Amino acid sequence: MKRHLISTADLDLDDALLILDTAEEMAQVSTRAVKKLPTLRGRTVVNLFFEDSTRTRTSFEVAEKRLSADVINFSAKGSSVSKGETLKDTALTLQAMGADAVVIRHGASGAPKRLAESDWLHGSVVNAGDGTHEHPTQALLDAFTMRRHLNPGLGRDLDGRRITIVGDVLHSRVARSNVRLLHTLGAEVTLVAPPTLVPYGVESWPCAVSYDLDAVLPKSDAVMMLRVQRERMNAAFFPTQREYSLRYGLDAKRAAALPEHAIVMHPGPMVRGMEIASEIADSARSTIVEQVTNGVSIRMAVLYLLLGGSEPPLPSPAATLAGGASRHTALSTARPESRTTEEHSK
Amino acid sequence: MTSYLIKNARVLGGEPQDLRLKDGVIAEIGAGLAAADGDTVVQAEGLIALPGLVDLHTHLREPGREDAETVLTGTRAAARGGFTAVHAMANTFPVADTAGVVEQVWRLGRESGYCDVQPVGAVTIGLEGKQLAELGTMADSAASVRVFSDDGKCVDDAVIMRRALEYVKAFGGVIAQHAQEPRLTEGAQMNEGTVSGELGLRGWPAVAEESIIARDVLLAAHVGSRLHVCHVSTAGSVEIIRWAKSKGWDVTAEVTPHHLLLTDELVRSYDPVYKVNPPLRTEADVLALREALADGTIDAVATDHAPHPSEDKDCEWAAAAMGMVGLETALSVVQQTMVDTGLMGWADVAQRMSHRPAAISGINQAGPTGQGRPVSVDEPANLVLVDPAYRGAVNPDSFATRSRNTPYRGRDLPGRVVATFLRGRATVLDGELV
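For every chain, the first residue of the written sequence is number 1, and numbering continues from 1 onward in sequence order. For this description, chains carry letters from A and ligands carry numbers from 1, given in the order in which they are written. Since the coordinates come from a predicted model, pLDDT governs what is reported: local features require at least 70, and pairs of side-chain atoms require 80 or more to be given and counted, while whole-chain, interface and lining totals use all residues.

### Examining the overall build of chain B
Line of reasoning, step 1. Secondary structure elements are defined from DSSP: runs of H or I of at least 4 residues count as helices, runs of E of at least 2 residues count as strands, and each element is numbered from the N terminus. Tallying secondary structure elements over chain B gives 11 helices and 19 strands in all.
Line of reasoning, step 2. With respect to the principal axes defined by its C-alpha atoms, chain B has extents near 65 × 45 × 45 Å.
Line of reasoning, step 3. Every one of the 434 residues in chain B was classed for burial, and the buried ones make up 60%.
Line of reasoning, step 4. Sequence-distant contacts in chain B: of pairs separated by 6 or more residues, those separated by 24 or more amount to 74%. Field definition: a residue is buried when 20 or more other C-beta atoms are found within 10 Å of its C-beta, exposed when 12 or fewer are, and partly exposed for counts in between, with C-beta atoms placed from the backbone. C-beta atoms are placed from the backbone for every residue, and two residues are taken to be in contact when these atoms lie within 7 Å.

Given below as structure tokens:
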């Protein structure tokens, strides 16, 4: 991770903490009456969404606008994409229009990496969810939320915190991004799912796997419930919705087994009554709404660090995140423009 | 007709000898042959002479996808790769499931003049796996089809497969199966393993190949017919084929060059140039395939040359077509993986890339049109001269195939085809098409 954010695997501990700490400062902006910074004034950020996602797209858009970027929403529906235009041609079009960053959501795993490594587009690429691969900003906002509750303070990680991720791990980009990032931050991750929804080769992942939610909950500092789509039932991943809820759903009785300090998370959208009971989703230990708020701060931090958060002059645009401003002075060094036109046209 | 005197070629890697090619046959082999009137002398010091290579598995795309390849461009690529015969797969548009289509492909091959084109007929109408195509009519046609395959799709219905195996016994045919259990591979994007789990790409499990091969060797044994297994890609498949052969059953198998060299680790780039069916597997599979090719469990190397236009690869992984071009790099990959590693000698290469594949498809009969024949006097002068000392980066822009979807772009590979002779006529000289 230097110019793009494609996978949480690209973030080392310093990168991850820099983003989390920067997000803390961004969070302060969001509490002001005027929730706006001039950092990305004059920069163009395109939200390129090949899949519907009102939540994520809106979160990015709010973040971009709070940084004063020019925001273009490019959704596949109603555009030339639905007429058969390829990813390549869409990217070439955005490049010709001068996009400084592209936030991409795509149904195909690897599409953001392909975009970042092609010569179709020269701006920064932010992965807003690709297929069943990764959703790095979601993992960052989850980690941000966990840190606030479990180990608050700038510069702190999640060392030794026990995080349980429950549900359809096989199809979850959120789970993949979380496992990688939480491992980097020192947390101990346990995946809980029926064996049919655990990815092949999970033994090589830096986490534990359990099929028994009741055994894991008492040893969890945070439990993250993943959405389970009902259509998985028809593909024989589990027999019935009822049986899934009985074995892997988080209801009040199960939640009572959690330690008192433990939080309940969900990346949304939830299927109430399926993987999580309403009374738990709405309970005091639920951070579900808070996660949405934190999402804006994290996305502000990521865009800021990728596009505007470095001390000029830069040797190359590739240096931004790792070579960026020191952690606690990020805002004070913010500049509306830090790259030259020449660098853009590389 | 031009005659050639090849000086000091190492036939099958042996001691240097001279070969005179005249009137379409090898007229003389010996030391210190003198150039006769009209002989074109080819200096072949340090070069290996092999019988013209025979590919059992080539997609020439014509008719229907002439934007990817034509019979002419495909056979030119074949000649550059050292091939003197290729088997054109049936998944064209229209499908080669009638005498009319296979005769068209056969005729286009004859007109190209660069190598023999032996059409493969479809097993079922439209490759749909429902109703047998007119296998006997294709066999009796001018194309004399003996190899039948729905390649690209698996003949997954056990009854249809059984009937096909039985039916082709009447005319000495063989069913070449693309072993892929369809339900286990719905939407599959790459080998199911550690890498697919990390990349979030839907897996193509080894068991989907192995379960079909296991069923088919049992069916072939039950009805007493011949089965050929296309592009074997897993260590488990090798074990099943080894077992079937140990029973004395009439089962043969091929492996592609790319499955001898590349692994699914390359998919981490999400570059669709590595997208192929069957998918690239693991290091353990690659090593098992090399061992099986060396010990004869796998009979032949077949390219599965699968040209695609750039727009079908210049996209995201899931949208990309499966397949790689392979004719022009096959011998180099075999040299690197099998010869330079000490697993096989050049005589073995001749076996796996010429004699055996020709025998499997039955085009090795004695006579002027025989392929995969010994390098001996009075045999058809189908020869390839290889420079094993050459080493260089693969440059797709120099390819004769119409497509550029090679996984070896920029990769250093050993060996270079210097000359190819088809019945005594040079199709390639000094590495260039004639």
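Structure shown, so let's carry the discussion forward.
### Re the sheet that holds strand β1 (residues 44–49) of chain A
Residues and elements named next belong to chain A.
Line of reasoning, step 1. Strand order in this open sheet of 4 strands is β2-β1-β3-β4, and the pairing throughout is parallel. Every interior strand has two partners, whereas the edge strands, β2 (70–75) and β4 (124–130), have only one. Across this sheet, the average inter-strand angle for adjacent strands is 15°, counted without regard to direction.
Line of reasoning, step 2. For two strands to pair, DSSP has to find at least two bridges joining them. Bridge analysis of β1 against β2 gives 6 bridges, and the strand direction is parallel. Residue F49 lies in a different strand from β2, and its bridge partner there is S75.
Line of reasoning, step 3. Sheet contacts for helix α12 (residues 288–308): β1, β3 (101–106) and β4; angle to β4, the most-contacted strand, approximately 155°. To obtain an axis, a line is fitted to C-alpha atoms, over the contacting stretch when the element is a helix, and the angle between two such axes runs from 0 to 180 degrees between their N-to-C directions.

### Some thoughts on the interface of chain A and chain B
By a widely used convention, the size of an interface equals the accessible area lost when the partners come together.
Line of reasoning, step 1. In this complex, chain A contributes 20 residues to the contact, which on the side of chain B involves 16 residues.
Line of reasoning, step 2. Listing elements by their share of the side of chain A that touches chain B, those giving two or more residues are α3 (87–96), α4 (111–117) and α6 (173–184) of chain A.
Line of reasoning, step 3. The biggest single contributor to the side of chain A that touches chain B is α4(A), with 3 residues.
Line of reasoning, step 4. Class assignment for the residues of the side of chain A that touches chain B results in 6 nonpolar, 9 polar and 5 charged. Residue type decides the class: Asp, Glu, Lys and Arg count as charged, Ala, Val, Leu, Ile, Met, Phe, Trp, Tyr, Cys and Pro as nonpolar, and the leftover types, Gly among them, as polar.

### Overview of the nonpolar core
Line of reasoning, step 1. Each nonpolar core comprises buried Ala, Val, Leu, Ile, Met, Phe, Trp, Tyr and Cys residues, the members being joined through C-beta atoms within 7 Å. Ranked by size, the top nonpolar core spans 233 residues in total, and within it V102(A), V223(A), L303(A), A49(B) and F148(B) carry the most contacts.
Line of reasoning, step 2. Broken down by element, this core gets its largest block of residues, 11 residues, from α12(A).
Line of reasoning, step 3. Filtering out sequence-adjacent residues up to four positions away, L303(A) remains in contact with L40(A), V45(A), A63(A), E64(A), L67(A) and A101(A).

### As for the sheet that holds strand β8 (residues 116–119) of chain B
Residues and elements named next belong to chain B.
Line of reasoning, step 1. One open sheet accounts for 3 strands, arranged β6-β7-β8; its pairing is parallel. Here the strands that pair on one side only, and so sit at the sheet edges, are β6 (53–58) and β8. Taken pair by pair, the neighbouring strands of this sheet meet at an average axis angle of 20°, ignoring direction.
Line of reasoning, step 2. Both β6 and strand β7 (residues 83–88) contribute to a ladder of 4 bridges, which runs parallel. Residue V54 lies in a different strand from β7, and its bridge partner there is A85.
Line of reasoning, step 3. Seen against the sheet, helix α1 (residues 71–80) touches β6, β7 and β8 and runs at an angle of roughly 135° to β7.

### Thoughts on the domain arrangement of chain A
All names here are of chain A.
Line of reasoning, step 1. By the assigned domains, chain A splits into domain 1 (8–134 + 292–344) and domain 2 (136–288).
Line of reasoning, step 2. With 28 residues of domain 1 in contact, the opposing surface of domain 2 contributes 23 residues.
Line of reasoning, step 3. Within the residue set of the side of domain 1 that touches domain 2, elements represented by two or more residues are α1 (13–29), β4 and α12.
Line of reasoning, step 4. Here the side of domain 1 that touches domain 2 takes 8 residues from α1, the largest share from any one element.
Line of reasoning, step 5. The residue inventory of the side of domain 1 that touches domain 2, partitioned by class, reads 11 nonpolar, 9 polar and 8 charged. Note: domain ranges come from an automatic or database domain assignment.

### Considering the domain arrangement of chain B
All names here are of chain B.
Line of reasoning, step 1. What the domain assignment reports for chain B is domain 1 (3–48 + 377–433) and domain 2 (52–361).
Line of reasoning, step 2. For the side of domain 1 that touches domain 2, the secondary-structure elements that each account for two or more residues are β16 (383–393), β17 (412–422) and β18 (425–429).
Line of reasoning, step 3. Element by element, the count of residues in the side of domain 1 that touches domain 2 is highest for β17, at 6 residues.
Line of reasoning, step 4. Taken together, the residues of the side of domain 1 that touches domain 2 sort by class into 17 nonpolar, 9 polar and 2 charged.

### What to know about the environment of E134(B)
Residues and elements named next belong to chain B.
Line of reasoning, step 1. Here E134 lies in the loop between β8 and α3 (135–140).
Line of reasoning, step 2. For E134, a count of 15 C-beta atoms within 10 Å corresponds to the partly exposed category.
Line of reasoning, step 3. Taking the C-alpha atoms as reference, E134 lies 8.3 Å from V123; in sequence the two are 11 residues apart.
Line of reasoning, step 4. Excluding residues within four positions of it along the chain, E134 makes contact with T98 and A99.

### Let's talk about the packing of helix α6 (residues 206–223) of chain B against helix α7 (residues 235–246) of chain B
All names here are of chain B.
Line of reasoning, step 1. The N-to-C vectors of α6 and α7 enclose an angle of 10°; their axes lie 9 Å apart at closest approach. Considering their axes alone, α6 and α7 lie roughly parallel with respect to each other. Of the residues in α7, those touching α6 at A206, E209, E210, I213, A214 and V217 are G236, S237, I240, I241 and A244.
Line of reasoning, step 2. A per-class count over the contact of α6 with α7 returns 7 nonpolar, 2 polar and 2 charged. Reported orientations rely on four angle classes, namely roughly parallel under 35 degrees, roughly antiparallel over 145, roughly perpendicular from 65 to 115, and oblique for the rest.

### With respect to the confidence of the model for chain B
Line of reasoning, step 1. For every residue, the predictor states its confidence as a pLDDT score lying anywhere from 0 to 100. Of the residues in chain B, 100% have a pLDDT of 70 or more, and the chain-wide mean is 97.
Line of reasoning, step 2. Two numbers describe this predicted complex: its pTM, 0.92, and its ipTM, 0.89.

### Focus: helix α2 (residues 99–112) of chain B
All names here are of chain B.
Line of reasoning, step 1. Expected span of a helix: the number of residues minus one, times 1.5 Å. For α2, which comprises 14 residues, the first-to-last C-alpha distance of 20 Å matches the rise-based estimate of 20 Å (1.5 Å per residue) to within 8%.
Line of reasoning, step 2. Taken together, the buried positions of α2 are A99, V101, V102, V105, W106, L108, G109 and S112.
Line of reasoning, step 3. For α2, the secondary structure elements touched by its buried residues are α1, β7, β8 and α3.
Line of reasoning, step 4. Trailing α2 by a residue or two, G113 shows a phi angle of about 75°, which is positive.

### Some remarks on unusual backbone geometry
Among all residues save glycine, negative phi is the norm, and among peptide bonds the norm is trans.
Residues and elements named next belong to chain B.
Line of reasoning, step 1. In this chain, E62 is followed by P63 through a cis amide linkage whose omega measures 5°.
Line of reasoning, step 2. Mapping P63 onto the fold places it in the loop between β6 and α1.
Line of reasoning, step 3. Cis geometry marks the peptide bond from F93 to P94, where omega comes out at 0°.
Line of reasoning, step 4. Examined against the element boundaries, P94 turns out to sit in the loop between β7 and α2.
Line of reasoning, step 5. In this model, R61 sits at a positive phi of 70°, which is unusual for a non-glycine residue.
Line of reasoning, step 6. Position of R61 among the secondary structure elements: in the loop between β6 and α1.
Line of reasoning, step 7. For Y270, which is not a glycine, the phi torsion comes out positive at approximately 55°.
Line of reasoning, step 8. Position of Y270 among the secondary structure elements: in the loop between α8 (257–261) and α9 (283–295).
Line of reasoning, step 9. Using a count of 25 C-beta atoms within 10 Å as the deciding quantity, one classes Y270 as buried.

### So, the environment of D151(B)
Residues and elements named next belong to chain B.
Line of reasoning, step 1. In this structure, D151 sits in the loop between β9 (147–148) and α4 (158–167).
Line of reasoning, step 2. Placed 28 residues apart in sequence, D151 and A179 show a C-alpha to C-alpha distance of 8.8 Å.
Line of reasoning, step 3. Not counting chain neighbours up to four residues away, the residues in contact with D151 comprise M89, A90, N91, A176, H178 and C230.

### Quick look at the pairing of strand β1 (residues 3–11) of chain B
Residue and element names in this part refer to chain B.
Line of reasoning, step 1. For β1 and strand β4 (residues 39–43), the ladder comprises 5 bridges, and the chain directions are parallel. Note that in β4 the partner of K7 across the bridge is Q43.
Line of reasoning, step 2. The pairing of β1 with strand β2 (residues 16–22) spans 5 bridges and is antiparallel. Among the inter-strand pairings, A9 is bridged to a residue of β2, identified as Q17.
Line of reasoning, step 3. The turn joining β1 and β2, which pair antiparallel and follow one another in sequence, is formed by 4 residues; a positive phi near 55° is taken by L12.
Line of reasoning, step 4. Across 2 bridges, β1 lies against strand β5 (residues 48–51) in parallel orientation. Following the sheet pairing, R10 is matched in β5 by I48.

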